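Take a look at the letters that make up each chain.
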Amino acid sequence: MKLVSFRIKNYKSIKDSKECYLENTVTLFAGKNGSGKSNILEALNKFSSHDFDFEEDNYNYEDECPIIINRYHLSEEEILEVKNKFDVNIDKEVKITLDTNDNKVFAYQVDSTLDIQKFEKNNVEVINKIIKETGNTQLINANSFDEVAKNCKQEELKKVHSILDSEGFIDTKELKIRITEYIVSIIPQFVYKKTIENELRSVITKESVKTNDFHKDIAALLDFKESDFDAKGEKSKRTRRSSMWSQTLTGKFGAFYTQDKIDLKFTLDGDSITMDVLEIDKASKYENKIENKSDGLKWFIAFYTKLNVTKSKDVIILLDEPGMYLHAKACGEMLDIFSEISEESQILLATHNPYLIKADNIGAVRLVLNDEKESTIVENKPHRYQQDKNMDALTPILTSIGYELTMSIHVGDQKNNLITEGISDYYFLHGMAKLLNKELDYLIIPSSSADKINYIASILIGWGLNAIAMLDNDKKGKEKEKELSPLVDKCLFISSEPNLSIEDLFTKEDYCRKILEQDEVYETLNSKTKKDLK
C-alpha cells in the first residue's frame, strides 16, 4: 500500500495544509526555517501514534481538533486479499480520515468504493422465508438489511442472519465495519526518525542492547544472539561470528560511504562486543573508538543502521533535516541510500539542504510556505510559486541547480549549458524530458529574467564553458538576441513562430487546467497572458 496524498488541518502552525500529493519513493519538503516542515512530519507521525496533546498541538484553533486525511493506493495483492476475505470488490484508492469526537478520542473513518450485494425488496422468496421462520409479518415492507434488523426482535435476528448467510446476502453495515478494521490494520505505519549519533558507543553489552538505541539497531541488523555475550562460549565460533559481522557491515556500509576507506571491526571481549572504526590510508591502518570519530561519520553510521533496520513495506519513514553534519558529497551518498531504502519504504523528508535536492528531480520537491495568515501550506508544483513574495522557499532548489553547475566545472564535464529566461522554463523542459524518457545532454540554468541572461553567460564564459541562450520568440526576445549574440555561442528561440513563449508548447486546455489549475481555457497563452493570469 502506498500513501498517495495527505491533508492536515488544525495542527500547530497548520490550519489547512491543502492536499499534498506524494511520490512513490522519496518526497522532499523544502522551505525556510519556521515554515512548518517539522509540523507536517509530526502530524503524520501522530496519525499512527495518536499521541496528540490537545492543549499544545492545536493551540491556534481553539476547539478545533487536528484532522488528518490520507489517501492510499492498495496493491493488487491487497485488493485480492479483500476479495478473498470478504467476497467484496474494493476500489484501488481508499481515503482514511483520523478525526476526534467530543471526548477527544481519535477514530479512523475509511472511505472506499465497495461492490457489495445488497438485500433487495423484490426478492420475495427470501422475504417470505424470513417471515415464515420468524413469524414477523412487519418484514414484508423491508427493502434493506437495516430495515429487517430494525423490525426484528433480538431473538429473531439470529434466524435472520442464518437465512441471509445461506442465501448469500450480506449485512452491509457490519461488513463495512469489518473491512474498515482490516484496512486500518494493514496501512503502513509512520516512523519518525531522529538522529542518535550521540548514543554511539564502542562497547556493546547484553544490557546496553536494551537501553541504547544504536546498540539495539546494530543487534537487530547483524542478528546478535544471547550466546554472543557468553564469555564461556566456544572461542572459534565467537571469532567466526565477529568476523562475519565485520565483513558484512563494512561491505554494505562501504558501498555508500566513499569519502574515506574504513573498516568496521567487531571483536568479542568477554561478555561484551566491541565495535571499532579502522581508517585505512596508503601507509597505515589505525584503530579508533567510534565515539571519538567525527560527528559526520557517527551520524552516517547511525543513519545507515537505523534506516536498514526500519525499512519495510509496512512503514513510511519520516526524516527531519537529515545529514546536518554532512558535506555535499556525503549528502549525495545519502541520496543513494534513500534510493535503495525507498524500494521497500516510502520516505518523506524535510530539509532546506540544497545538496539533498537533485537538480534533475525537482518534481519530487514540495514547497512548504506560509500564507498571508502565517499558516503552513504545501505547494505541490514549485513552478506555480510566486517568486517575488518570498524567495527563501526556492533557495534550496536554486542552490541545487547552481551546485550541479559547479560540479560540472570541477570534474571538467564540458556540457552544453542552456540558459533560460526563468525557472518555469527549467521546470517545463525537465518535465517534458521525463515524459519523453529523454536523457538531457545539457545543463539547464534558469535566469530570473531575460535581462539577467547576460550575467550568467559572462560567468560561464569566464569559467571556459559554453553558453546557449533560449528565448521566447516575442519582441523582447528578439531584442535580447541582438544583445546576446556577440556574447553567447548561440541563441535559440522556443519556436520559429513569432510571438510564442514556452507556455505555447502546451495545448491551451492542458496549460490552463494542468499548470494553472483553472477550468477556463484562454485563447492565447503567450508571456503577457501568463503574467495577467498570475
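Residues numbered from 1 in each chain as written. Predicted model: local features only at pLDDT ≥ 70, side-chain atom pairs only at ≥ 80, totals over all residues. Heavy atoms only, no water.

Peer 1: So what about the packing of helix α9 (residues 235-254) against helix α10 (residues 295-310)? Which residues, and what values?
Peer 2: For the pair α9 and α10, the least separation of the axes is 11 Å and the interaxial angle reads 105°. When the interaxial angle is binned, α9 and α10 end up roughly perpendicular. Contacts from Leu 249, Lys 252 and Phe 253 in α9 reach Leu 297, Phe 300, Ile 301 and Tyr 304 in α10. (Axes fitted to C-alpha atoms, helices over the stretch in contact; angles between N-to-C directions. Helix = DSSP H or I, 4+ residues; strand = E, 2+ residues; numbered from the N terminus. Parallel < 35°, antiparallel > 145°, perpendicular 65-115°, else oblique. Contact = heavy atoms within 4.5 Å.)

Peer 1: Outline the side chain of Glu 78, listing residues and values.
Peer 2: Tracing the chain through its elements places Glu 78 in helix α2 (residues 76-86). If we skip the residues at most four places from it in the chain, Glu 78 touches Met 1 and Ile 186.

Peer 1: Can you explain the sheet that holds strand β8 (residues 189-193)? Please cite residues and give values.
Peer 2: The six strands are arranged β8-β13-β14-β4-β15-β16 in an open sheet whose pairing can be described as mixed. Single-partner strands in this sheet number two, and they are β8 and β16 (376-379). Taken over all neighbouring pairs, the strand axes of this sheet differ in orientation by 25° on average, direction set aside. Taken together, the four bridges between strand β15 (residues 365-370) and β16 define a ladder with antiparallel strand orientation. Each bridged residue has a counterpart across the sheet, and for Val 368 the counterpart in β16 is Val 378. With respect to the sheet, helix α1 (residues 37-49) is in contact with β4 (26-30), β8, β13 (315-320), β14 (346-351), β15 and β16, its orientation differing from that of β8 by roughly 135°. (Pairing = 2+ DSSP bridges.)

Peer 1: Please give an account of the environment of Trp 245 that cites residues and values.
Peer 2: Turning to its location among the elements, Trp 245 is positioned in helix α9. The class for Trp 245 is buried, based on a relative accessible area of 1%. As a C-alpha pair, Trp 245 and Ile 218 span 27 residues in sequence and 9.9 Å in three-dimensional space. Sequence-distant contacts of Trp 245, that is, excluding residues within four places in its chain, are made with Leu 222, Phe 224, Asp 228, Phe 266, Leu 268 and Ile 273. Among the polar contacts listed, one links the side chain of Trp 245 to the backbone oxygen of Leu 222, at a separation of 3.5 Å. (Buried < 20%, exposed > 50% of the residue type's maximum accessible area, 1.4 Å probe, protein only. Polar contact = N/O pair within 3.5 Å; in protein donor to acceptor, adjacent residues only side chain to side chain.)

Peer 1: Can you explain the pairing of strand β17 (residues 416-420)? Please cite residues and give values.
Peer 2: Of all five residues making up β17, four are buried, and the element is well covered by its neighbours. Chirality of the crossover, the property in question, places the unit of β17, helix α13 (residues 423-435) and strand β18 (residues 442-446) among those that are right-handed. As judged from the two bridges shared by β17 and strand β19 (residues 468-471), these two strands associate in the parallel manner. Counterpart to Leu 418 in the pairing with β19 is Ile 468. (Right-handed = clockwise from strand over helix to strand, strands pointing away.)

Peer 1: I'd love a proper account of α9, names of residues and values included.
Peer 2: For α9, which comprises 20 residues, the first-to-last C-alpha distance of 28 Å matches the rise-based estimate of 28 Å (1.5 Å per residue) to within 8%. For α9, the set of buried residues is Arg 238, Arg 241, Ser 242, Trp 245, Ser 246, Leu 249, Thr 250 and Phe 253. One face of α9 carries all of its buried residues, which in axial projection span an arc of 150°. In α9, the exposed residues that point more than 90 degrees away from the buried face are Arg 240 and Gln 247. (Expected span 1.5 Å × (residues − 1). Arc of directions from axis to C-beta.)

Peer 1: Any chance you could break down the nonpolar core for me, citing the residues and the numbers?
Peer 2: The biggest cluster of nonpolar side chains holds 69 residues, and the ones touching the most others in it are Ile 218, Phe 224, Phe 253, Phe 266, Met 275, Ile 301 and Phe 338. The dominant element in this core, judged by the number of residues it contributes, is α10, at eight residues. Apart from residues lying up to four places away in sequence, Phe 253 is in contact with Ile 262, Leu 264, Leu 297, Phe 300, Ile 301 and Tyr 304. If you look at the next biggest cluster of nonpolar residues, it comprises 41 residues, including Ile 68, Phe 86, Ile 90 and Val 368. (Core = buried A, V, L, I, M, F, W, Y, C linked by side-chain atoms within 4.5 Å.)

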